[in-house]
Amino acid sequence: MKHVPEVKAFDIILIFTYIIWCVFLSIGYKTEYFEFQFVKKAIGLTGFAPAFLIYGIYSKKLRNNKIFLAWFVIGLIQFIIYLLYSDLPEFSNVKGSVLSPIKGLFFTVIVYRAIRHLYYKIFRRELIITDNRGFVGSRSLEEQRTIGKSDFVFSIIGCLIIIFATIFP
């Protein structure tokens, strides 16, 4: 596996900003500083948005083991919170639990690592997650190769796994 980006100040700031946001949201919920409707919406954004931003835009950074480990630990903590509190009546709704989206980050880092490893075993090259900047047939500067159909297929499979794992209990 080739290109592994180094940890930069932006990465540290992003991780700590996310942690601070989660702590702030938890404290705001516990102290009833925020209305519960706000907390519900914030939980949805806190779960879905980072998961798909990390998978799509920030995925190359997950090649770095330190960055991967940081997001893995944060995701694991959120997953444990989901397991502990999802059955509480205040978090239940018609479709399951309001806390379901916070599973997203954990599944994102796990699925990305698994798909990346599988892709490397099959094709002997690094997976490039296709997004709005890289389409099939375009050139990846980091990997110095053309993005292929297999990159696209693996990217979509990973995305679908994350969506289904996050939405369904």
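Residues numbered from 1 in each chain as written. Predicted model: local features only at pLDDT ≥ 70, side-chain atom pairs only at ≥ 80, totals over all residues. Heavy atoms only, no water.

*Asks:* Describe helix 1 (residues 9–30), listing the residues and the values that go with them.
*Replies:* Here helix 1 spans 31 Å end to end across 22 residues, near enough to the 32 Å set by a 1.5 Å rise per residue. Inspection of helix 1 places Asp11, Ile15, Tyr18, Cys22, Leu25 and Gly28 among the buried residues, and these make up the whole buried set. End-on, the buried residues of helix 1 take up no more than an arc of 165°, which puts them together on one face. Facing away from the buried surface of helix 1 by more than 90 degrees, the exposed residues are Ala9, Ile13, Ile20 and Lys30. Where helix 1 is buried, its residues contact helix 2 (36–56), helix 3 (65–85) and helix 4 (104–123). The positive-phi residue at the C-terminal boundary of helix 1 is Glu32, with phi of around 60°. (Helix = DSSP H or I, 4+ residues; strand = E, 2+ residues; numbered from the N terminus. Expected span 1.5 Å × (residues − 1). Buried < 20%, exposed > 50% of the residue type's maximum accessible area, 1.4 Å probe, protein only. Arc of directions from axis to C-beta. Contact = heavy atoms within 4.5 Å.)

*Asks:* So what's going on with the environment of Phe52? Which residues, and what values?
*Replies:* Structurally, the position occupied by Phe52 is in helix 2. The spatial distance from the C-alpha of Phe52 to the C-alpha of Arg116 is 16 Å, given a sequence separation of 64 residues. Apart from residues lying up to four places away in sequence, Phe52 is in contact with Ile57, Cys159, Ile162 and Ile163.

*Asks:* Now, about the packing of helix 2 against helix 4: what can you tell me, with residues and values included?
*Replies:* Relative to each other, helix 2 and helix 4 sit at 20°, their axes nearing to 8 Å. In terms of their interaxial angle, helix 2 and helix 4 are classed as roughly parallel. Of the two elements, helix 2 crosses helix 4, and the hand of that crossing is right-handed. Between helix 2 and helix 4, the residues in contact are Gly47, Ala51, Ile54 and Tyr55 and Gly104, Leu105, Thr108 and Tyr112, respectively. (Axes fitted to C-alpha atoms, helices over the stretch in contact; angles between N-to-C directions. Parallel < 35°, antiparallel > 145°, perpendicular 65-115°, else oblique. Left-handed = near helix turned anticlockwise from the far one by under 90°.)

*Asks:* Provide a residue-level description of the side chain of Thr108, including the pertinent values.
*Replies:* Here Thr108 lies in helix 4. Those residues within four positions of Thr108 in sequence are excluded, and the remaining contacts are Ala51, Ile54, Tyr55 and Ile162.

*Asks:* Could you give me a rundown of the environment of Ala51, with the residues and numbers involved?
*Replies:* Looking at the secondary structure, you find Ala51 in helix 2. Residue class for Ala51 comes out buried when judged on its relative accessible area of 0%. Residues Ala51 and Lys8, 43 residues apart in the sequence, show an inter-C-alpha distance of 20 Å. Excluding its chain neighbours within four sequence positions, the residues that come into contact with Ala51 are Gly104, Leu105 and Thr108.

*Asks:* Tell me what's going on with the pattern of salt bridges, and back it up with residues and numbers.
*Replies:* Throughout the structure, instances matching the rule amount to three salt bridges. Glu126 is the partner of Arg63 in a salt bridge, and the nearest nitrogen-oxygen pair spans 3.5 Å. Linking Arg63 in the loop between helix 2 and helix 3 with Glu126 in the loop between helix 4 and strand 3 (139–140), this pair joins segments that are 63 residues apart in sequence. Arg63 gets classed as buried once you look at its relative accessible area, which sits at 3%. Close ionic contact of Arg116 with Glu126 constitutes a salt bridge, the shortest N to O distance being 2.5 Å. Of this pair, Arg116 sits in helix 4 while Glu126 is found in the loop between helix 4 and strand 3, placing the two residues 10 residues apart along the sequence. In this structure, Arg116 and Glu126 share a single accessibility class: buried. (Salt bridge = Lys/Arg side-chain N within 4 Å of Asp/Glu carboxyl O.)

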